[in-house]
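Listed below are the residues making up each chain.
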Amino acid sequence: MKLVFFVVAIVASLLALSSADMYMQNPRGSNNRLNENSANRRTANRMFDSQNNNRGGYNVGDRTDKKAGNDQAKQYRMNYFQSGTYLTQVAPNGRTELTVEWTNQHGCGGNEDTDPHKQNCNIVLQYMCQDNSSDFAPDDGITIRAGSSTARSDYSRLSSASLKQAFINRRNSNTRADRGLNEPWVTYDDCTRRERNKGLFTATQQMANKNAAINTRQNRNGNRNGYECPEERDYYPYWHPTVWTDIAILAQNESLCSYYSAESFNSRAKGTCVEQFANNGGRKHFSEANNPAACAAANGVWTEYQSMLELAPQFTTPAACTADHQDGLTYAWGLPYDIVKINAFENIVPACFVRPPPVDCEAAPWSRSNHLGNGKDGVQLNYKWTLPYFPSMNSKRCILRIRYNISTDDYDPYDTDATNNAQSPVQENPLVQVGAAGQDLRLAINTAQFGRTFQDRGHPFTISPRPTGVSNTDHITNLNVRGKRGNIVQTFPATEYDYAPSRPKIEQGDLVHIQWTGSNSHNNGAPGGDGQTGDAGEGTGGTDRHNLLQSGNPDENFPLPIEKVTMFDGVTVGWVASGIDNLSAADIAVILASAGYYQCMETTKCGAEAVDTKAQLQNQLNNAPASFEGIMLRFNTPGTYYYLCTRNNNFTNRSQKGRLTVVANTK
């Protein structure tokens, strides 16, 4: 029987030798960067296999005007507030929306028979969350962290299975607090042992290790990238349980959506072989078996797990679990894929858990080939992610992932599998005859890249319960900043500064959460690879700084004087990082103008953080923090408001301007 596998990961790419890169622009994609002063990233395999250009990506945010250095607690993690319950899922109220923006080099979307694109594509968005830890960077093998070293996490493999303590010792030796971590160590260790899916088409690629899931057509040698499992990376939907939760699949054709929806781990249980350590040592985190028959032969139990948003331990029976809890969520009783228990070598037992919503599937937005830029409508390629609602009200630590898969129709994507490997329909750099007296022409084809997956991930962020004063039905729009220091050539393939989204549109009474992050080490220095080095811009070299001041019109480059600012008239504060109450319109204006350096106008309200008390703000924001923790504003008056950044908006060089439209309430 032929195995179902990721269509776009196995078929051909006409542009196989180029870097069809995928870069996440908001939230800021890391492309495996940490805090390098150089334009090139230092360690391309630090956390994951991006297959991108070395110049891409953004540094982790700094909390203050100083570099975080080796202290991860001084890094800044963007903090978003969760959605309300999904009772209001069909309407925008109750949602927290985060606009995910990216650029993909070789085009996507709009691939109809009457207007074919130059390639097929799919874009997959996923996230992984865990309960947030009070320890910013614990020394373990499971907690998400950015790290303080640009080095990759260590890994050493035992030649054969052994007692549980040997695995514990090896995990503890391999993982370090100063190294970045996304996937847990145990899932990679499992990947090195599990038999690969031998039903997959591998073309002319000969696997260095014929048996392991770390060896794929795109990674025949099983090269390691952090603790990412190469087989899981290259294929979607994956056939085993995974730590990733699906957000959306942006398909080349909406007719594929029924398949993706049915096969998503969000909706369908996935199986894996569960074996036990000897002497009642507990559940093994690994097995060589990748199917029920092989599992039975290994004296294991083939077990199907379901994806979970989080556990619901307050419901201790199936009846209590599946009752209507009046919160719009789907509760299930069964075997959740509980990576915490797997990491502790504990058996997973039936329990109540919250299921994630079904994966969203829609046609991919159109973009042209050979272009890292905006889409057809002139704005950054984007997807509006409705953040999850966690009924436990626990703060979560998370990571966001985006994958971009390109292919062509040079052979059948549905019926080409391992049976075609002996006579692969594609060969390395083949010669083709064009009928000119035996004249041959050579094609540039690398079968490892003929059908290719690219990836980017953001830095760690948190999702928190909604603060007091923000109701379960309030609609929250996140307003952030993208880009890094430098001119258009120096920053490429990242972008120059802009607000993200650049033109948000909300309804009267909705909330806007304004927040941004920046680095103090975006110097874009040598080595610069195949691009220009340098960090053109205002203020201290290498530093990102932003603010937000109202302007009169989009073609004006002067902000309005404070006495003419109307943007914050009638605005109420839903939340502010400082916790200060009774902020006036003038207080709000000065907070945003100073990037949070000042917290109010007068000492009587905010003490030493007031304009009339605190040391003066440097006029190019040099002593302001690189990251702004945020303020959430409820806009109660319809209107159109323009704004700009005084430091970065440099006419004829770069523009950092935005527009907020507040329309009359239609709820």
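Because the structure is a prediction, the values reported are computed rather than measured.

How each quantity is defined
Residues numbered from 1 in each chain as written. Predicted model: local features only at pLDDT ≥ 70, side-chain atom pairs only at ≥ 80, totals over all residues. Heavy atoms only, no water. Patch = residues over 30% accessible without salt bridge, like charges linked within 9 Å, V, L, I, M, F, W, Y side chains within 5 Å. Areas by Shrake-Rupley, 256 points an atom, 1.4 Å probe, with all protein chains shown as cover. Salt bridge = Lys/Arg side-chain N within 4 Å of Asp/Glu carboxyl O. Lys, Arg positive; Asp, Glu negative; His and termini not counted. Charge placed at Lys NZ, Arg CZ, Asp CG, Glu CD. Helix = DSSP H or I, 4+ residues; strand = E, 2+ residues; numbered from the N terminus. Buried < 20%, exposed > 50% of the residue type's maximum accessible area, 1.4 Å probe, protein only. Phe/Tyr/Trp six-rings, centres within 6.5 Å; stacked < 30°, edge-to-face > 60°. Pairing = 2+ DSSP bridges. Axes fitted to C-alpha atoms, helices over the stretch in contact; angles between N-to-C directions. Contact = heavy atoms within 4.5 Å. Polar contact = N/O pair within 3.5 Å; in protein donor to acceptor, adjacent residues only side chain to side chain. Domains from an automatic or database assignment. Disulfide = S-S within 2.5 Å. pLDDT = per-residue confidence, 0-100. Arc of directions from axis to C-beta.

Trainee: Would you take a moment to explain a negative patch on the surface for this structure?
Mentor: A cluster of acidic residues, Asp409, Asp410, Asp412 and Asp415, forms a negative patch at the surface. Looking at the secondary structure, you find Asp415 in the loop between strand E15 (396-407) and strand E16 (431-433). Accessibility expressed as a relative area gives 44% for Asp415, which makes it partly exposed.

Trainee: Help me out: how do you make sense of the packing of aromatic side chains in this one?
Mentor: Any aromatic ring pair is given by two values, namely how distant the centres are and how the planes are angled relative to each other. Scanning the model with the defined rule gives 23 aromatic pairs in all. When the centroid spacing of 4.7 Å and the interplanar angle of 35 degrees are considered together, the rings of Trp516 and Phe628 count as tilted. Of the two residues, Trp516 sits in strand E23 (residues 511-516) while Phe628 sits in strand E26 (residues 628-634), which places them 112 residues apart along the sequence. Assigned by exposure class, Trp516 and Phe628 land together as buried. Among the aromatic residues, those joined into a cluster by ring pairs are Tyr155, Trp185, Tyr188 and Tyr227.

Trainee: Help me out: how do you make sense of the pattern of salt bridges in this one?
Mentor: Working definition: two side chains of opposite charge can pair if their charged atoms are close together. A complete count under the given rule lists 29 salt bridges for this structure. The closest approach of N and O atoms between Lys66 and Asp65, which form a salt bridge, is 3.2 Å. Look at Lys66 and you get exposed, because its relative accessible area is 55%. Among the salt bridges present, the one from Lys270 reaches Glu263, with a minimum N-O distance of 3.8 Å. The exposure class assigned to Glu263 is buried, which follows from its relative accessible area of 18%. Connected through shared salt-bridge partners, Glu183, Glu228, Glu232, Arg401 and Arg457 make up one network.

Trainee: Sorry, what's going on with the sheet that holds strand E22 (residues 505-507) here?
Mentor: Strands in a sheet are paired, the pairing made by backbone hydrogen bonds, and the direction either parallel or antiparallel. The mixed open sheet is built from 4 strands, whose spatial order is E22-E28-E27-E24. Taken across any chain shown, the strands that pair with only one partner, and hence form the sheet edges, are E22 and strand E24 (549-551). Geometrically, the sheet is characterised by an average inter-axis angle of 35 degrees between neighbouring strands, direction not taken into account. Examined bridge by bridge, E24 and strand E27 (residues 639-644) share 3 bridges and lie antiparallel to one another. Paired with Gln550 across the two strands is Tyr643, which belongs to E27.

Trainee: Got a minute to help me understand the environment of Ala364 in this structure?
Mentor: You can see Ala364 is positioned in the loop between strand E13 (360-363) and strand E14 (381-386). Judged by its relative accessible area of 7%, Ala364 falls in the buried class. C-alpha separation for the pair Ala364 and Pro460, spaced 96 residues apart in sequence, amounts to 26 Å.

Trainee: What am I meant to see in the environment of Thr216 here?
Mentor: Inspection of the secondary structure puts Thr216 in the loop between helix H3 (185-193) and helix H4 (230-234). The spacing of Thr216 and Thr202 is 14 residues in sequence and 7.3 Å in space, taken between C-alpha atoms. Every residue in contact with Thr216, bar those within four places of it in the chain, is listed here: Met207, Pro230, Glu231 and Asp234. Of note is the side chain of Thr216, whose polar atom sits 2.6 Å from the side chain of Asp234.

Trainee: I keep staring at helix H10 (residues 585-593) and nothing clicks. Help me out?
Mentor: For an α-helix the count is 3.6 residues per turn, leaving residues at separations of three or four pointing the same way. Turning to H10, its buried residues are Asp587, Ile588, Ala589, Val590, Ile591 and Leu592. In the stretch just after H10, Ala595 is the one whose phi turns positive, near 60 degrees.

Trainee: Quick question: what am I supposed to make of the domain arrangement of the chain here?
Mentor: Split into domains, the chain comes out as domain 1 (308-355) and domain 2 (474-663). Relative to domain 2, the C-alpha centre of domain 1 lies at a distance of 41 Å.

Trainee: How do you make sense of the side chain of Asn405 when you look at a structure like this?
Mentor: Along the chain, the position of Asn405 falls in strand E15. Among the polar contacts listed, one links the side chain of Asn405 to the side chain of Thr453, at a separation of 2.8 Å.

Trainee: Mind showing me how you'd approach the pairing of strand E7 (residues 245-251) here?
Mentor: Look at any regular strand and the pattern is simple: side chains alternate between the two faces of the sheet. Extensive coverage of E7 is indicated by the burial of 7 of its 7 residues. Of the pairings in the sheet, the one linking strand E6 (residues 120-131) to E7 comprises 5 bridges and is antiparallel in character. Each residue of the ladder has a partner; that of Tyr127, found in E7, is Thr245. Strand direction decides the pairing type here: E7 and E13, joined by 4 bridges, are parallel. By the bridge assignment, Ala251 is partnered in E13 with Ala363.

Trainee: Before we go on, may I ask you to explain the state of the cysteines in this structure?
Mentor: The term disulfide refers to a covalent linkage connecting the sulfur atoms of a pair of cysteines. With the rule as written, the count across this model stands at 7 disulfides. Between Cys108 and Cys121 runs a disulfide, and the two sulfur atoms are separated by 1.6 Å. Negative torsions about the S-S bond denote left-handed disulfides, and the value of about 75 degrees found for Cys108 with Cys121 makes this one right-handed. Within this pair, whereas Cys108 is found in the loop between strand E5 (96-104) and E6, its partner Cys121 is found in strand E6, the two being separated by 13 residues in sequence. In this pair, the class of Cys108 matches that of Cys121, namely buried. Here Cys257 engages in a disulfide with Cys361; their sulfurs sit 2.1 Å apart. Its torsion about the S-S bond being -75 degrees, the disulfide of Cys257 and Cys361 is classed as left-handed.

Trainee: Quick question: what am I supposed to make of the confidence of the model for the chain here?
Mentor: Low-pLDDT portions of the prediction should not be read for the details of their coordinates. In the predicted model, the chain carries a mean pLDDT of 92, and the fraction of residues at 70 or more is 95%. For the stretch residues 1-19, pLDDT sits under 50, and the model shows 85 contacts to residues farther than four places along the chain or on other chains.

Trainee: Quick question: what am I supposed to make of the pairing of E5 here?
Mentor: Counted residue by residue, E5 has 9 buried out of 9 residues, so it is predominantly covered. Residues of E5 alternate between two faces, with Thr96, Leu98, Val100, Trp102 and Asn104 on one and Glu97, Thr99, Glu101 and Thr103 on the opposite face, all of them buried. Where strand E1 (residues 22-26) and E5 come together, 4 bridges link them in antiparallel fashion. The residue of E5 that forms the bridge with Tyr23 is Thr103. Where E5 lies against strand E20 (residues 476-482), 2 bridges are found, and the strand directions are parallel. From the neighbouring strand, Thr96 faces E20, where its bridge partner is Ile476. With 6 bridges connecting them, E5 and E14 associate as antiparallel partners. Residue pairing for E14: Trp102 is matched across the bridge by Leu381.

Trainee: Even after reading the chapter, I still don't get helix H2 (residues 164-174), so can you show me in this structure?
Mentor: Here H2 has its buried residues at Phe167, Ile168, Arg170, Arg171 and Asn174. Along the axis of H2, the buried residues cluster in a sector spanning 165 degrees; they form a single face. Among the structural elements, H3 and helix H8 (339-343) are those in contact with the buried residues of H2.

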